[in-house]
Amino acid sequence: MSARERYRSVREELESVCEDAGRSFETVHLVAVSKTVGVEEVASAIEGGACDFGENRPEGLMEKADAFPGKRWHFIGNIQSRRIADIVGRASLIHSLYQLKHAQKINDVAEEKGLIQDVLIEVNVSGEESKSGLNPREVVEFAQQMGELSHVRLRGLMTMAPQGDLDRAREVFEELAYLKELLCSQLDDKVAAEVNELSMGMSEDWREAVYAGATIIRVGRAIFSEDF
């Protein structure tokens with residue numbers, strides 16, 4: 001199967017899962033994580049209907065976003081201060097923000113470019129040492145500190161679940177959904193109204209994420225790998 005066919009297959013299943021969960025299909029964005037493939041595979045997924053793509057390295061984002069400027073590009077990788085200028089503006093949404101110094105640098109670059117950069121706060125809900133992100137207890141304070149940055153717009157939260165345990169994955173996703181509601185209750189109403197995204201769920205566990213309220217799922221191997 002091609003990326004086009006696999007994308008269509010995931011999209012069709014997503015429709016079915018949304019229906020089963022009592023949700024509108026339009027409430028969940030399917031991000032095709034293209035970090036391991038080239039522009040030809042991206043073009044194939046676009047033929048299948050893909051509009052959103054995720055990259056975890058600035059050079060990959062630059063190459064593919066510049067090749068397909070009409071699509072929405074998401075930065076999902078580790079943020080490095082020296083590469084923030086390459087990300088801001090190219091990425092419609094940065095999923096992996098959890099350090100204030102990076103938020104401040106993103107704000108400065110966005111101001112220079114005359115735009116407002118949408119971001120998500122990455123949260124380490126599972127507590128695994130191998131995963132990045134804020135402790136859930138730190139999220140409200142971090143979001144309030146971000147409120148002072150006029151060129152960064154907080155849109156929601158992101159997390160990754162432990163692999164190999166779908167029950168635990170769903171617990172993690174439900175915890176993130178609860179945290180978003182808690183966060184919104186602590187923010188100014190105008191700011192809280194914009195905090196409506198939950199980026200969670202990947203190739204193995206996106207179904208559990210949809211049931212838990214995900215608005216963005218990040219699917220790579222199920223679309224781009226023949227071995228999945």
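Residues numbered from 1 in each chain as written. Predicted model: local features only at pLDDT ≥ 70, side-chain atom pairs only at ≥ 80, totals over all residues. Heavy atoms only, no water.

Enquirer: What am I meant to see in the environment of Trp-206 here?
Expert: If you trace the backbone, Trp-206 turns up in helix α9 (residues 206–212). Each C-alpha atom of the pair Trp-206 and Arg-170 lies 9.4 Å from the other, and the pair is 36 residues apart in sequence. Apart from the residues within four sequence positions on either side, Trp-206 is in contact with Val-10, Glu-13, Leu-14, Val-17, Gly-201, Ile-217 and Val-219. (Helix = DSSP H or I, 4+ residues; strand = E, 2+ residues; numbered from the N terminus. Contact = heavy atoms within 4.5 Å.)

Enquirer: What should I look at first to understand the nonpolar core in this one?
Expert: Most often, soluble globular proteins have nonpolar side chains that are buried together. Within the largest apolar cluster, 69 residues are counted, with the highest numbers of intra-cluster contacts made by Leu-14, Ile-121, Met-146, Leu-157, Leu-183 and Ile-217. The element that contributes the greatest number of residues to this core is helix α7 (residues 166–186), accounting for eight residues. Residue contacts for Ile-121: discarding those within four places in its chain leaves His-95, Leu-97, Leu-134, Val-139, Phe-142, Ala-143, Met-146, Leu-154, Gly-156, Leu-157 and Met-158. Counting residues in each nonpolar core, the second largest holds five residues, with Val-31, Leu-120, Met-158 and Ile-216 among its members. (Core = buried A, V, L, I, M, F, W, Y, C linked by side-chain atoms within 4.5 Å. Buried < 20%, exposed > 50% of the residue type's maximum accessible area, 1.4 Å probe, protein only.)

Enquirer: Teacher, can you tell me more about helix α1 (residues 3–20) here?
Expert: Structural remark: α-helix, 3.6 residues per turn; residues separated by three or four positions point the same way. Compared with the 26 Å implied by 1.5 Å per residue over 18 residues, the 25 Å span of α1 between its first and last C-alpha is a close match. Every buried residue of α1 is accounted for by Ala-3, Arg-6, Tyr-7, Val-10, Leu-14, Val-17 and Cys-18. Projected down its long axis, α1 shows its buried positions confined to an angular sector of 110°, all on one face. With respect to the buried face of α1, the exposed residues turned more than 90 degrees away are Glu-12, Glu-19 and Asp-20. Backbone geometry just downstream of α1 places Gly-22 in the positive-phi region, at approximately 75°. (Expected span 1.5 Å × (residues − 1). Arc of directions from axis to C-beta.)

Enquirer: How do you make sense of the layout of surface pockets when you look at a structure like this?
Expert: Over the atoms, a rolled probe matching the size of one water molecule traces out where space is still vacant. Within this model, the largest pocket holds a volume of roughly 530 Å³. The wall of the largest pocket is formed by 24 residues, among which Val-33, Lys-35, Ile-76, Met-160 and Met-202 lie closest to the centre. Among the residues making up the lining of the largest pocket, the classes are represented as seven nonpolar, eleven polar and six charged. (1 Å grid on protein atoms, 1.4 Å probe; cavity = no way out; pocket = protein on both sides within 12 Å on 5 of 7 lines; lining within 4 Å. Points joined across faces, edges and corners; volume = space filled by probe spheres on them. Nonpolar A, V, L, I, M, F, W, Y, C, P; charged D, E, K, R; others polar.)

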